[in-house]
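Spelled out, the chains give:
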Amino acid sequence: MGKISFSLIISAALLSFAYAGVQVIRDGEYVLEWEVDSENITVTAIARTLGYVGFGISPFGSMMDADLVLSGAYTNGSGYVQDSWAFANSGPERDTVQNVQLISAVENTTHTTVTFTRKLDTGDVAEDKSVLNETQFIIWSYGPTDNFQYHGPNRGTVSINLVAE
């Protein structure tokens, strides 16, 4: 009797991400997509703006004690990302340690799309919130320009478990 052999090929993409999700917010004015593996979260945010796009993890569903990422694309095609935090319901402050890496930032005539990544737990307990396997408040915003200014009504809160289905 001859030998039977087989091989198993598993795509690296299937191994690299444990969970991915999408949340469409306010009729598509802000779309949040994310992928999580054992160490990192990669976030893509698409907003109906040619200004900045904000994403945050908040213990209270507001700016109070929130961990924030502000990012966007300049008209010259370059992108930017800033790891920030807010002590109170006020403007964000730049984190002492920048734990967020920009992957891409592009604009078309109506929307800005940004993709960034960071560790689930950065170890920066003073200014960053860990991404946990539980429902957390995610705050979002977008502004009319690339200057970090008050977003007006272009903001909100959703409750999501970013780690599990």
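We now turn to the structure provided with this report. (Residues numbered from 1 in each chain as written. Predicted model: local features only at pLDDT ≥ 70, side-chain atom pairs only at ≥ 80, totals over all residues. Heavy atoms only, no water.)

1. Overview of the layout of surface pockets
- Space inside the largest pocket adds up to approximately 400 Å³.
- Forming the boundary of the largest pocket are 23 residues, of which Met 63, Ser 90, Ser 141, His 151 and Arg 155 lie nearest the centre.
- Within the residue set of the lining of the largest pocket, elements represented by two or more residues are strand S4 (53-58), strand S5 (66-73), strand S10 (136-142) and strand S11 (155-160).
- Its residues assigned to classes, the lining of the largest pocket comprises 10 nonpolar, 12 polar and 1 charged. (1 Å grid on protein atoms, 1.4 Å probe; cavity = no way out; pocket = protein on both sides within 12 Å on 5 of 7 lines; lining within 4 Å. Points joined across faces, edges and corners; volume = space filled by probe spheres on them. Helix = DSSP H or I, 4+ residues; strand = E, 2+ residues; numbered from the N terminus. Nonpolar A, V, L, I, M, F, W, Y, C, P; charged D, E, K, R; others polar.)

2. Structural notes on the environment of Leu 50
- Mapped onto the fold, Leu 50 is located in the loop between strand S3 (40-47) and S4.
- Through-space distance from the C-alpha of Leu 50 to that of Thr 75 is 8.8 Å; in sequence the pair is 25 residues apart.
- With near-sequence residues (within four places) excluded, Leu 50 lies in contact with Glu 107, Asn 108, Thr 109, Thr 110, His 111, Thr 112, Pro 144 and Asp 146. (Contact = heavy atoms within 4.5 Å.)

3. Section: the pairing of strand S2 (residues 30-36)
- Most of S2 is tucked away, with 5 of its 7 residues classed as buried.
- Here S2 pairs with S3 via 7 bridges, running antiparallel. Following the sheet pairing, Glu 33 is matched in S3 by Thr 44. (Buried < 20%, exposed > 50% of the residue type's maximum accessible area, 1.4 Å probe, protein only. Pairing = 2+ DSSP bridges.)

4. Observations concerning the nonpolar core
- Membership of the largest hydrophobic core comes to 26 residues, with the highest contact counts inside it found for Tyr 30, Leu 32, Trp 34, Ile 41, Phe 55, Ile 138 and Leu 162.
- Not counting chain neighbours up to four residues away, the residues in contact with Ile 138 comprise Leu 32, Phe 55, Gly 56, Ile 57, Gly 156, Thr 157, Val 158, Ile 160 and Leu 162.
- Residues Met 63, Ala 66, Leu 68 and Ala 86 belong to the second largest nonpolar core, which totals 5 residues. (Core = buried A, V, L, I, M, F, W, Y, C linked by side-chain atoms within 4.5 Å.)

5. Considerations on empty space enclosed by the protein
- Taken as a whole and judged by the stated rule, the model has 1 cavity of 30 Å³ or more.
- What the largest cavity holds in volume is close to 60 Å³.
- If you trace the largest cavity, you find it lined by Ile 41, Phe 55, Gly 56, Ile 57, Asp 67, Leu 68, Val 69, Phe 116, Arg 118, Val 131 and Leu 162.
- Of all the secondary-structure elements, those providing two or more residues to the lining of the largest cavity are S4, S5 and strand S9 (112-119).
- Classifying every residue of the lining of the largest cavity gives 8 nonpolar, 1 polar and 2 charged.

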